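# Inside the fold
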Amino acid sequence: MSVQDQIKGFGITFRTMLQKPLTLGYPEVKTPVFPRFRGRHQLWRYDNGLEKCVGCSLCVAACPADCIRVVAEENTQEHRVSAGERYARIYEINMSRCIFCGYCEVACPFDAITLEHSYELSERERDLMVYTKDMLLTPAPKQPPLRTEGQRV
Amino acid sequence: MADYAPVDLAADNLVTFELNGRTVSAPAGTMLVDAAYAAGVEIPIFCYEPRLGPPIGACRMCLVEIEGMRGLQTACSTPVTEDMVVRTNSPMAKDAQDGVLEMLLAQHPLDCPVCDKGGECPLQDRTFKFGPGKSRFIEPKRHFPKPIELSSRIALDRERCISCFRCVRFSQDVAQDGQLTMQERGARSEITTFTGDAYEARFSGNITDICPVGALTSIPYRFVARPWDITNTPSVCGSCPVGCNTELTTRDGELKRITGRDTPNVAVEEGWLCDKGRWGYDIAMSPNRLSAPVVREAVGDRTVSIEDGVAAAASLLTGRRVGILLGGAVTLEEAGIALDLATNGTLDNAVVARLGVASGNCAPVRAATGAQLGDIDAADLVVIVGGDPAAQQPIVELRVRKARRFGARVIGCGARPHALESLGDFTRTAPGHLADGMMGLADAISNAARPVVLWDEADLASDPGAIAALTALLAASPHATQLMLGADVNGVGLSALGVSTTGLFEAIAADEVDAVICVHADPLEAAGSIAWQAVFDGFRGPVIAIATYASAMTERADLVLPALTMWEQEGTLVSMTHRAQRLRPGAAGPAQAAAGWELLIAIAHHLGHPPAYRTAASAFTHTVASHPAFFGMTTDLIGTDGVVIGAWPADDVSPAAIVADPDHLVLVATRDTFGDDMTARSHALRTAVSAPVLRMHPATAQALWLNEHDHAVLISDVGSSSALPVLCDARVAEGLIVGPLGAPGSPIEGALSRNQHQAIVRVERT
Amino acid sequence: MPILNSVYRHREAGHVLTELVAYRAAGGFAAIEQSIGEMEPDDLLYVFHRSGLRGRGGAGFPMGRKASFLPKDAKLAKYVVCNADESEPGTFKDREIIEMNPFQLIEGMVLAGYAIGADRGYIYIRGEYEHQARVLDAALIAAREAGFLGDNILRSDFSYDITLYRGAGAYICGEETGLLESLEGKRGQPRLKPPFPAVAGLYSSPTLINNVETLSALPPIVTQGADWYAALGPEKSPGTKIFSVSGHVQRPGNYEVVLGETTLRELIYEHAGGLREGHQVKAVWVGGSSVPVLGAMHLDTPLDYESLNAAGTFLGSGGCIVMDDSGCIVRATLRLASFYRHESCGKCTPCREGTNWMERILQRMVDGEGRMEDLELLESLFGRISGKVLCALADGAVAPVASAIKMFREDFVAAVTDGGTPRPAPMSVVEVR
C-alpha cells in the first residue's frame, strides 16, 4: 500500500464528510418510492361501482407465497357485486406472508388488483395482517411521496 | 385420462406401426388415438370418448396424416394396422389442428375466469398444447342467456358448447333415457332436452364429467372452488352395495364435490356415477346430522364433548353384558373392532349381530364362478333372476344396457317389474316361485358362450326352490358366471367376518344382555321394526347409539355418540361383487364427532383394555388376520381399485321362505336408491326423489276394492305398515305388492319380519 | 346436341304418365316383365354394370359397381333407398320425373331391388315436395294393385314393396348417410364412413342408395340393352343426363341430353333459349350450386363428366344456374355461402364454424366493411374446411366461394375498395336477406 493509495482513501472520507447526511427522519418524513414500487394491494371498481374482481382465483394460482384466499359466489339480479357472473365473496391477502412479487397483478385478467405504493404495513396482532376485501377495496390512507428516476432522496 | 381407452400392450395380436418416426405396437383394431396415447403421443380429441360407444368423428380434432391415404384421417375412428405410417405432427396435421381449434374457439366466449371448468378444461389444455395461439375471427360471437338450468342440478351454458355430442350420446346410447338432443342446425346448434323440460334422469350428472368444456356444469359446485383450491381423494361410494369408485373434492376441510375418477375402475362403475352417489353428500350437512354427543337423563338431554361422551359410554358399559348391533353399511374396521372387543375380554362375551339380509343359504350359488360388473360388457347373454337392479343397484343398469348395445341378449324372470325388462324377454313369476321362471332360461344359458347371471340376494334367500334351480343351472353351464345383486352396502363384508343377523334380538328378549350399542344401525327403522320396538320397550338397560343422523333409535338411546359419514372416515367396504375397497376421508366432519372405529377404540381404552391398534389401518390389519376371507389382504393390495376377497364359511342362518299362494298377498320390499330416506333429505336431489307408493297389479287393486291413489295399510302377522298411496302397474305380478324399503319414516318396515324383505300381508284401505 | 328423352318418357309420349295404363301404353313395365323371374339377379346387376350408368345425384359413382358392393351372403335384410331429397339449388329434374313419370322410378326401384335381392325399398322425398309425394303415393298404390309391387311380383318368388317417406326440409338429408339417419327417425346428419351404406346402411343393413334419375334410367337400360346405353355419348361415362337450366335464360327448364354431345353454349343458347337481349353470360354454376363456378370462356365445354372436370368444375346434379352480366358476383357468392351456413348440420367443427365464418366475412364485404386481408383470410379457410369433414357439404360450400374469388377476384377487391357497392349497379340478381 503506497502513500498515494492512502491519500486516495482519505480523499473519499473527507469528501463525504462535507456532504449532507442521507438519513431521513422517519416516520415524520417518508421515504419516497419509485412509481413502479410494489407495495400494498388495492382492489378496483368500475366507474359504475361494480367490482372488477370476478373471483376467478387466478391470483391464488399465481401466488408463490400462497397468501391469497378467494371464495367466489354467484351474482344475482338482486345482489350484483361484480360485472361478471361471479364475484369474490371472500378476498383475503395475508400481508405477513406476501412477498410483493406482483404476480397477482400480472395474473389478473380484469386488472382488478394492483400493487400500490403504500409500504406501511404493520399491525400489533398477526390476525390483523390478513387484509379483507373491504380493506383492499379502500385505498391506503397514507400514500408515500413519489420519486422520479435519478432523483436523490 | 378417461378420454382414452386403456390399451393392453401385452395382448397377443399386436401389430407394429410407425408413429412420428418411431416404431410402436398396439393390439390390432385399437383406435389410433388410444394406441398413440399408450405410446406417449397425445392426439387431441373432443368428441371421442370410448365409453360412449363407437366414434362419431364429429369434432375433427384428431386429424392425422397416414401414408397412403388421401387427405387427413380421424385418428379416433381409424384402427391401427400393420406397417401403417402415421404422422401426428407433420405440417399438414398441425395445420388441421390449428384450423379446428381456431374454429372451435371462434364462437367460444373465452370466459375462462368465470367458468367452473377453468383449470381442468380439456378445451383450455388442448388449446395451449395444440392451438394456433391467436384467432383471426373478428365477428361478434353468438350470445345466449347464460347459464340456463338444464335441470336443478346441471347448468347449461350454450355459448361455451362446442357441439361434441358427448352428452347427447350419453343420454341416447349409454343411459338410454332418450332425453338430450341437439336442436337447430349448424352454427346455431344447441343442446336441449327433446321436450324442453328439465333433464331429470338418474345418471344425468355424468354429462358434467364428460363435457370437454364448461357448457355443462354442476349447480351444487357452481363457483365453489378452483382446481388449485382443492384436493381430490379417491374413495368409494357407500350409498348402495355396488361400491362405485369416486373422487372426493375437498376445499377447506369440506366436501365440495363427488365425481367419477379420471381413471375409471372398469371392473366396477367405469367412471359413471348415479346422481345420488354424485350429489347425495349434502345430507351430511342436513339439519338432522348429529354433531355432538347427547346424554339422555331424567332431567333432560345434555350435550357433552366427545371425550365426555366416550367416558359416559364406558361407564354405561362397565360391568354389563353387552350386545352390539351393526348396521348394513358399517365398515370392516368397525365390525372387526366390535368382534375383537367381544372376544378379547373388553366387553365380556358381547353378542355381535347385524341388520340386513341373511343369505347363507345362497352359498351354493355363490360357489359358482363369480363375475365383476365389468364382465357383463363381454357377456353374450345377461340373465337377471329376481330383483330390481335399476332401482336398488343403479349402475348395474348402465352395464346391462352396454352389454345389450354390444349385442348381448337380456333375459330373466322375477316378481317385480323393473326398467331393464324392456331390454329383452322376461317372465313374470309369483313370489317364491322363481324356479318356475328359471326353467325357461336353462336353454339360453347353456347355449350361450359367456352368460352372466345376476341374481337378487333377498329374493333368492327367501326362495329355497330358486336357490336349488339356479345352482343346477349354473352347474349345467360351464361358461356361466354369476353376480349377486346385494341387499346391504357391506352385507358381504359383514357376512365374511361371520357377523350373524340373529342372536342379539333373542338375547335382548331373553334378558341376557344389559346394554346395547347400535353402530350405524337403527332397528326401529329396519325390517321388523315393530318386533324390535317391542323388545326395546321391555329393555331396561342403557342403549348407546353411534350414529350420523337423528333417527328413531337416537331418540330412544340413552347416549348418542355422533359418528362420521362415509365421506368423512376411513374404512373398508366389500361390495356385492366381493370387492374390498377403501373409503378415504374427503371432509373433516363436525368437531365433536368421530369415526365409528375411533369411538369403539376410545371406549375400549376407557374400559381399561387398550386394544393393540390405534388407527383404522392397524384395525384393518388386525381384523383381516383373523378371518379367512381376507387372508393376505393389505391396504396396499386394495390400493385404489380394490381387490376381490376369498371364500368364507357360509353363515347357516337363512330367512323363512315366503311362497305366494292364491289366498295370500305377498309384500316384496324394494329399496329404491332414489326413494329412500337419504335421498329425501338431500337438497340437491330434491327433484329426483321418487315418492313411496304401494305398487300392485290393477286386478289386485280391484280385488281389494282399491283405486289408484287410495291409501292402504299392509298388515302381516308381525305388524303393520303406515298408510301409503296405491299405484296400479299392470307389470306387477298379480297377488304381489311392491313396497318401498327405507323410505322416509320407514312406512313398510313394520309389516316385515326381521331381516326379511318379503312378507305375507293383507291390505286395509284407510 | 339432340334431346333424348329416355328418363323423361312422358316427353316422348307427349303427355303425363301418372296413370298406370298410360305408362304401360308408353312401353312401361316392359323391363320388369322382361327381367323379374326371367333373369338371374346377378345377370341383371351385370346389365347395370355394363351400361356404364353413373350416379346422377351429384357424386357420379358408377351405379353397377355400387350395387355390387352389397354383400351377397348377408343374413340381414337388404334395402333399396331412393334419394328423392332433391335439395341442390338449381336442380329440379327429379321433381319432373316424380310428377310426370312416377312409374318409371318405381319400375327402376323394383329392378334395382331384384338385382340386389332387396327386401324393401324406401323413397325419401323432400318435405317440400308435397304434391309430388301425393302423385308418387297414388302411383305406388296403383303399382301395388297391378302386381308390380308386393308379394310375389308377377308371380315370381320375388317379393318387394316400396315405402314413401317424407323428409322435413334439410339439405343435409340429401347426403346419403344423413338421409339414412333421417329415415331412421334420427337427427339428419352424416355418419362416419366406413362402414359405407352398402355394408351397413339403413338400420345397419346393406343398403343401395341411388338418386331418382339414376333409378329411373334403369328400365330403358333393361329394355334397350346395356350396349345401347353404353354407346350413348363418351365411352367412360355414357348415357343421357337431365340438366335443369335456371337463372337469366329465356326458357328455363329441364333438358335431357346425351352426355358429351352438347356443349354448355348449346344448352344455354339453343335449348334454354339464350339470355335476355343485350346481355352476356357472366357466371354459370353447371352442376348445382356446390360446384366451382364457370365463366363465359367455358361456354364451349361439352357437357360430360370428364370435360367438365377438365374445365375445373363438376357435372354434379346437373342444376345449371346461369347469371348474366347484370348480376353481382359478390352478392351471388354471399347468397350461396348463406345457404350453406344455414344447411350445415353442425356435426363437424370445420363445416359448422367455417360456413358461418365465410358467410360473415362475405356479409361484411357486402356491407362495406371488408378488409383486403379478408380475401387472404377466406382463402386460408378453404383448405381448413374442405376435405376436413365427414361429408361433401363443406366441399360444396367452399367450391363456389373459392372459385368465385379465383375467377372474379377483381369484383371482390372492388367490393372492399368501393365499400360494398354492387357491381354492376343496380343489383338485379340477388336480394340479400
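What this report covers is the structure whose coordinates are included nearby.

Reading the values: rules and limits
- Residues numbered from 1 in each chain as written.
- Chains lettered and ligands numbered in written order.
- Predicted model: local features only at pLDDT ≥ 70, side-chain atom pairs only at ≥ 80, totals over all residues.
- Heavy atoms only, no water.
- Patch = residues over 30% accessible without salt bridge, like charges linked within 9 Å, V, L, I, M, F, W, Y side chains within 5 Å.
- Areas by Shrake-Rupley, 256 points an atom, 1.4 Å probe, with all protein chains shown as cover.
- Salt bridge = Lys/Arg side-chain N within 4 Å of Asp/Glu carboxyl O.
- Buried < 20%, exposed > 50% of the residue type's maximum accessible area, 1.4 Å probe, protein only.
- Contact = heavy atoms within 4.5 Å.
- Buried area = accessible area lost by both parts, 1.4 Å probe.
- Helix = DSSP H or I, 4+ residues; strand = E, 2+ residues; numbered from the N terminus.
- Pairing = 2+ DSSP bridges.
- Polar contact = N/O pair within 3.5 Å; in protein donor to acceptor, adjacent residues only side chain to side chain.
- Nonpolar A, V, L, I, M, F, W, Y, C, P; charged D, E, K, R; others polar.
- 1 Å grid on protein atoms, 1.4 Å probe; cavity = no way out; pocket = protein on both sides within 12 Å on 5 of 7 lines; lining within 4 Å.
- Points joined across faces, edges and corners; volume = space filled by probe spheres on them.
- Expected span 1.5 Å × (residues − 1).
- Axes fitted to C-alpha atoms, helices over the stretch in contact; angles between N-to-C directions.
- Parallel < 35°, antiparallel > 145°, perpendicular 65-115°, else oblique.
- Left-handed = near helix turned anticlockwise from the far one by under 90°.

This part takes up a nonpolar patch on the surface. A grouping of Phe10, Phe14, Met17 and Leu18 of chain A is seen on the molecular surface, where their side chains present a nonpolar patch of about 530 Å² in accessible area. With a relative accessible area of 60%, methionine 17 of chain A lands in the exposed category.

For the rest of this paragraph, the subject is the interface of chain B and chain A. The extent of an interface is frequently quoted as the accessible surface area lost upon association of the parts. Counting residues at the interface gives 15 residues for chain B, matched by 16 residues for chain A. Carbon and sulfur atoms supply 53% of the area that chain B and chain A bury against each other, a total of about 1200 Å² over both sides. Three residues, Pro113, Phe223 and Trp228 of chain B, lead the burial of chain B against chain A; their summed loss comes to 48% of the area buried on that side. As a salt-bridge pair, glutamate 85 of chain A and arginine 160 of chain B come within 3.4 Å of each other at their nearest N and O atoms.

Bringing the pairing of strand E1 (residues 14-19) of chain B into the picture now. Residue and element names in this part refer to chain B. Burial along E1 is one-sided: Val15, Phe17 and Leu19 are buried, while Leu14, Thr16 and Glu18, pointing the other way, are not. Summarising the sheet, E1 and strand E2 (residues 22-27) pair through 6 bridges and their orientation is antiparallel. The partner of leucine 19 across the bridge, within E2, is arginine 22. Sheet analysis places E1 next to strand E5 (residues 85-87), joined by 2 bridges and oriented parallel. Within E5, the residue paired with leucine 19 across the bridge is valine 86.

So, on to the interface of chain B and chain C. On the side of chain C, 32 residues touch chain B, which itself brings 36 residues to the contact. Of the roughly 2900 Å² buried at the junction of chain B and chain C (both faces included), carbon and sulfur atoms supply 53%. When the area that chain B buries against chain C is broken down by residue, the three leading residues are Met103, Arg136 and Arg185 of chain B, summing to 27%. At the junction of chain B with chain C, the criterion picks out 4 salt bridges. Glutamate 139 of chain B serves as the salt-bridge partner of arginine 364 of chain C, at 2.8 Å between the closest nitrogen and oxygen. Summed over the shared surface of chain B and chain C, the number is 17 residue pairs in polar contact (both at pLDDT 80 or more). Those elements giving two or more residues to the side of chain B that touches chain C turn out to be strand E4 (72-74), helix H2 (91-106) and strand E8 (180-183) of chain B. A per-element tally of the side of chain B that touches chain C places H2 of chain B first, with 8 residues. When its residues are assigned to classes, the side of chain B that touches chain C shows 17 nonpolar, 9 polar and 10 charged.

Moving on to the pairing of strand E3 (residues 63-66) of chain B. All names here are of chain B. The side-chain alternation of E3 yields two buried faces, one formed by Leu63 and Glu65 and the other by Val64 and Ile66. Pairing of E3 with E4 involves 3 bridges; the strand directions are antiparallel. Residue pairing across strands places glutamate 65 opposite leucine 72, the latter belonging to E4. The hairpin turn running from E3 into E4, its antiparallel successor, is 5 residues long, and glycine 68 in that turn takes a positive phi close to 90 degrees. Pairing between E3 and E5: 2 bridges, direction antiparallel. Among the inter-strand pairings, isoleucine 66 is bridged to a residue of E5, identified as valine 86.

So, on to empty space enclosed by the protein. A complete count under the given rule lists 13 cavities of 30 Å³ or more for this structure. Each residue belonging to the lining of the largest cavity can be placed in one class, and the counts come to 12 nonpolar, 2 polar and no charged.

Turning next to the pattern of salt bridges. Taken as a whole and judged by the stated rule, the model has 84 salt bridges over all chains. The salt bridge involving aspartate 252 of chain B is made with arginine 69 of chain A; its shortest N-O contact spans 3.6 Å. Of the two residues, aspartate 252 of chain B sits in the loop between strand E12 (245-251) and strand E13 (254-260) while arginine 69 of chain A sits in strand E2 (residues 68-74), which places them in two different chains. Look at aspartate 252 of chain B and you get exposed, because its relative accessible area is 53%. Given the relative accessible area of 32%, arginine 69 of chain A is considered partly exposed.

When the terminal C-alpha atoms of helix H7 (residues 102-116) of chain C are compared, their 22 Å separation across 15 residues agrees well with the 21 Å that a helix rising 1.5 Å per residue should span. Backbone geometry just after H7 of chain C places glycine 117 of chain C at a positive phi near 75 degrees.

All names here are of chain C. Running from amino to carboxyl end, helix H16 (residues 349-366) crosses helix H17 (residues 372-385) at an angle of 160 degrees, the nearest separation of the two axes being 10 Å. If you check the angle between H16 and H17, you find them roughly antiparallel. Crossing of H16 over H17 shows left-handed handedness. Contacts between H16 and H17 pair Pro350, Cys351, Gly354, Thr355, Trp357, Met358, Ile361, Leu362, Arg364 and Met365 from the former with Asp374, Leu375, Leu377, Leu378, Leu381, Phe382, Arg384 and Ile385 from the latter. Residues of the contact of H16 with H17, tallied by class, amount to 13 nonpolar, 2 polar and 3 charged.

This next bit is on the sheet that holds strand E20 (residues 425-428) of chain B. Residue and element names in this part refer to chain B. Taken together, the 5 strands give an open sheet; going across it, the order is E20-E19-E18-E21-E22, and neighbouring strands pair in parallel fashion. The sheet is open, and its two edges are formed by E20 and strand E22 (481-485), each paired on a single side. Neighbouring strand axes in the sheet, compared pairwise and without regard to direction, differ in orientation by 15 degrees on average. Relative to E22, strand E21 (residues 451-456) is paired through 5 bridges, and the arrangement is parallel. Among the inter-strand pairings, valine 452 is bridged to a residue of E22, identified as threonine 481.

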